[in-house]
Amino acid sequence: MVRSRQVVFMTALLLGGLFLTLTFLRANIRYDRFLKPNKLDLEKDDSPHPRYKPAPSYTPPPIQDPFPALATSTPPPIPAYNVAEEDVWKKYGLEVAPPLIIGFTRSWPMLLQAVVSYITAGWPPEQIYVVENTGMQQANARGQLSLQHPWYLNHTSLKRLRVNIIQTPVLLSFAQLQNFYLSLSYAHNWPYYFWSHMDVLALSHENGHETLTPAAGEPGYKSLYTLCLEELNRTLATDERWGLRFFAYDHLTLQNPRALEDIAGWDTLIPYYMTDCDAYTRLHMRNWTQNDAGCGIITDTSAALDDLLALYRDPHVTPAFRDPNPPAPAPPPEANAEENKQERRDSEATDSAAQRPLQIAESIEYWKKLREVSDRMFQYKHGDRGRNTWQSGQHGGQGEPFYYDSAGFSEALEILTESGKEVFRRKWGHRSCDLIVEGGLKFEDQWQVLKDWDD
């Protein structure tokens, strides 16, 4: 009797356990799936998948080095009438030779054009300082980047030009770069310095200028560099509160470090656009003068000459320019194709016949072609193409040191730029650059006022 009860108890216990197990499985895993898995369930992948941007419909062609001859040889001589007399700056009573600082972040062809144009306009190369602000650490100095890398800079070529190279420790914004220039004035004991944008083409007034200089070859001719020395001398002698001098706005600028100290430098929280408005207005509020001056032709450009030997007046080179980041090309007109080929052959034949250095009159005629091309470069930049498209001309460098996606970098800059504009608006309580007349603001009003507009 006892034994039969034990059997019944054990049987009930097993059945109860089986019932509970089946109940649990049915509640947590569909029973039919447990017994017979669904094929679709086996194939389904519930892991997250990022959505990628579509590939661009058009990729610009690779950029070309505008000065290939510099890779294997030193540059040719500049026009003799633009060569500065040795230590000529001392004749103007200056403490130190005036440095010209040119900052660089992207687009090697544009930088090289700016540097070569200042040299051929008479600025002694040993007084030019290229500031490599790429964030590439020592990659460029070691020659580790290729030409198509967006932040490529050729140290060897710049040394052949005999200019100085200074590297920032990290990538700086425009406002930070301006304060870095100020720090260089302390390190080098510069009581003044010139700085230039890198997207410019500089020319002396070789054809003469009514109020500045006779034509090249005539008595009293003054190069771009000489006129800058004159303006610096005049400024120091006549203006105790000089802040800066504009040559074609700030495309070329003469800067007084003491003035920047007085306004606490550039506002690095406004990194790009509107930071110039902020800095120059604060200088005005503190009664530092900002006058316009003339020294030559400083052209704001988004394109580079095809061959920079044109700036040395090489008779084999016809001045022409190309966009380092051209738009998608339109189909060429069929009717003029053969005519254009013949024009190129005629031009090449004419160029190849020229074997001797140009005389002064011929050099001035060549200068006129450069002037005409620079005018077209200006119109091109300020036309429908867009002012800053040149910054995105290089699309290579993947896998090289410190690579950063070029399109992503441009997009990030746009975000930082818009953020900086908002900082400007909140700092001054005013949206436009006219802080004094429109806003009635004073130097002490920074971050002290409410906004003066309705949303």
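Every value quoted in this text rests on a predicted model; they were computed, and no experiment measured them.

Colleague: Mind laying out the overall build of the chain, listing which residues take part and the relevant values?
Modeller: Within the chain one finds 12 helices and 11 strands. Relative to its full complement of 455 residues, the chain shows a buried share of 44%. Contacts in the chain between residues at least 24 apart in sequence constitute 74% of all its contacts with a sequence separation of at least 6. As displayed, the chain has an accessible area near 24,700 Å², and 55% of this comes from carbon and sulfur atoms.

Colleague: Account for the state of the cysteines, with residues named and values stated.
Modeller: Summed over all chains, the structure comprises 1 disulfide. With no disulfide of its own, Cys-228 lies 3.6 Å from the sulfur of Cys-295, the closest cysteine sulfur. Since its relative accessible area comes to 1%, Cys-295 is described here as buried.

Colleague: Account for the side chain of Glu-206, with residues named and values stated.
Modeller: Within the secondary structure, Glu-206 sits in the loop between strand 5 (200-203) and helix 7 (224-238). With near-sequence residues (within four places) excluded, Glu-206 lies in contact with Tyr-81, Asn-82, Ala-215, Ala-216, Tyr-221, Arg-313, Ser-363, Ile-364 and Trp-367.

Colleague: Now, about unusual backbone geometry: what can you tell me, with residues and values included?
Modeller: The phi dihedral of Asn-189 is positive, around 60°, even though this residue is not glycine. Position of Asn-189 relative to the elements: it lies in the loop between helix 6 (174-188) and strand 4 (193-196). Exposure remark for Asn-189: the relative accessible area of 61% places this residue in the exposed category. Even without being glycine, Phe-402 reaches a positive phi, approximately 60°. Checked against the element boundaries, Phe-402 lands in the loop between helix 11 (360-381) and helix 12 (406-428).

Colleague: Got a sec to walk through helix 11? Specific residues and values, please.
Modeller: Taking 1.5 Å per residue as the helical rise, helix 11 with its 22 residues ought to reach 32 Å, and the 31 Å between its terminal C-alpha atoms agrees with that figure. Along helix 11, the residues classified as buried are Ser-363, Ile-364, Tyr-366, Trp-367, Leu-370, Val-373, Ser-374, Met-377 and Lys-381. Buried-residue contacts for helix 11 involve helix 4 (108-120), strand 5, strand 9 (297-300), strand 10 (304-305) and strand 11 (321-322).

Colleague: Before we move on, could you go through the nonpolar core and cite the residues and values that matter?
Modeller: By size, the foremost hydrophobic cluster in this structure holds 69 residues, and its most contacted members are Tyr-118 and Leu-161. Counting residues per element, this core draws most heavily on helix 4, at 9 residues. Apart from the residues lying within four places of it in its own chain, the contact partners of Leu-161 are Phe-67, Leu-70, Pro-75, Leu-112, Val-115, Val-116, Ile-119, Pro-125 and Tyr-312. In terms of nonpolar packing, the next biggest core, distinct from the first, is built from 33 residues, Trp-190, Ile-263, Ile-270 and Met-285 among them.

Colleague: Could you give me a rundown of the packing of helix 9 (residues 275-285) against helix 12, with the residues and numbers involved?
Modeller: Here helix 9 crosses helix 12 at 30°, and the two axes come no closer than 11 Å. With respect to their mutual orientation, helix 9 and helix 12 come out roughly parallel. The residues of helix 12 that touch helix 9, namely those facing Cys-277, Asp-278, Arg-282 and Met-285, are Phe-424, Lys-427 and Trp-428. Class assignment of the residues belonging to the contact of helix 9 with helix 12 gives a composition of 4 nonpolar, no polar and 3 charged.

Colleague: Kindly report on helix 7, identifying the contributing residues and their values.
Modeller: A rise of 1.5 Å per residue sets the reference length of helix 7, with its 15 residues, at 21 Å; its end C-alpha atoms lie 21 Å apart and thus fit the reference within 8%. For helix 7, the full list of buried residues reads Leu-224, Tyr-225, Thr-226, Leu-227, Cys-228, Leu-229, Glu-230, Glu-231, Leu-232 and Thr-235. On its buried face, helix 7 sits against helix 4, strand 4, strand 5, strand 6 (242-247), strand 7 (252-255) and strand 9.

Colleague: Give a description of the packing of aromatic side chains that names residues and reports values.
Modeller: For the structure on display, the rule yields 18 aromatic pairs. Consider the rings of Tyr-129 and Trp-190, whose centres lie 5.0 Å apart with planes at 65°: the pair is edge-to-face. Highlighted residues: Tyr-129 in strand 2 (residues 128-132) and Trp-190 in the loop between helix 6 and strand 4, separated in sequence by 61 residues. For Tyr-129, a relative accessible area of 15% translates into the label buried. A relative accessible area of 8% places Trp-190 in the buried class. Measuring from centroid to centroid gives 5.0 Å for Trp-151 and Phe-409, while their planes differ by 80°, and the two rings are edge-to-face. Here the residue Trp-151 occupies a position in the loop between strand 2 and helix 5 (155-160), and Phe-409 occupies one in helix 12, the gap between them amounting to 258 residues.

Colleague: Any details on the layout of surface pockets? Residues and values, ideally.
Modeller: With a probe scaled to a water molecule rolled over the atoms, the places where space remains empty come into view. Approximately 420 Å³ is the volume attributed to the second largest pocket. Taken together, 25 residues line the second largest pocket, and the ones lying closest to its centre are Trp-123, Pro-124, Pro-125, Glu-126 and Arg-162. Residues belonging to the lining of the second largest pocket are distributed by class as follows: 16 nonpolar, 3 polar and 6 charged.

Colleague: Explain the pattern of salt bridges to me, and be specific about the residues and the numbers.
Modeller: This structure, assessed with the given rule, holds 24 salt bridges. Here Arg-282 and Asp-278 are joined by a salt bridge, their closest N and O atoms 2.9 Å apart. Residue Arg-282 and its partner Asp-278 are both found in helix 9; the two are separated by 4 residues, about one turn of the helix. The same class applies to Arg-282 and to Asp-278, which are both buried. Each of the salt bridges in this network shares a partner with another, and the network as a whole consists of Glu-231, Arg-234, Asp-239 and Arg-245.

Colleague: Could you give me a rundown of the side chain of His-251, with the residues and numbers involved?
Modeller: Inspection of the secondary structure assignment puts His-251 in the loop between strand 6 and strand 7. Ignoring anything within four residues of it in the chain, the contact list for His-251 reads Tyr-118, Trp-195, Ser-196, His-197, Val-200, Ile-298 and Asp-300.

Colleague: Talk me through the environment of Asn-256; I want residue IDs and the actual numbers.
Modeller: One can find Asn-256 in the loop between strand 7 and helix 8 (257-262). Take Asn-256: its relative accessible area is 2%, and that puts it in the buried class. Those residues in contact with Asn-256, other than ones at most four positions away along the chain, are Pro-191, Trp-242, Gly-243 and Trp-288. Of note is the side chain of Asn-256, whose polar atom sits 2.7 Å from the backbone oxygen of Trp-242. Here the side chain of Asn-256 touches Arg-258 through a polar contact of 3.0 Å, landing on its backbone nitrogen.

Criteria and cut-off values
- Residues numbered from 1 in each chain as written.
- Predicted model: local features only at pLDDT ≥ 70, side-chain atom pairs only at ≥ 80, totals over all residues.
- Heavy atoms only, no water.
- Helix = DSSP H or I, 4+ residues; strand = E, 2+ residues; numbered from the N terminus.
- Buried < 20%, exposed > 50% of the residue type's maximum accessible area, 1.4 Å probe, protein only.
- Contact = heavy atoms within 4.5 Å.
- Areas by Shrake-Rupley, 256 points an atom, 1.4 Å probe, with all protein chains shown as cover.
- Disulfide = S-S within 2.5 Å.
- Expected span 1.5 Å × (residues − 1).
- Core = buried A, V, L, I, M, F, W, Y, C linked by side-chain atoms within 4.5 Å.
- Axes fitted to C-alpha atoms, helices over the stretch in contact; angles between N-to-C directions.
- Parallel < 35°, antiparallel > 145°, perpendicular 65-115°, else oblique.
- Nonpolar A, V, L, I, M, F, W, Y, C, P; charged D, E, K, R; others polar.
- Phe/Tyr/Trp six-rings, centres within 6.5 Å; stacked < 30°, edge-to-face > 60°.
- 1 Å grid on protein atoms, 1.4 Å probe; cavity = no way out; pocket = protein on both sides within 12 Å on 5 of 7 lines; lining within 4 Å.
- Points joined across faces, edges and corners; volume = space filled by probe spheres on them.
- Salt bridge = Lys/Arg side-chain N within 4 Å of Asp/Glu carboxyl O.
- Polar contact = N/O pair within 3.5 Å; in protein donor to acceptor, adjacent residues only side chain to side chain.

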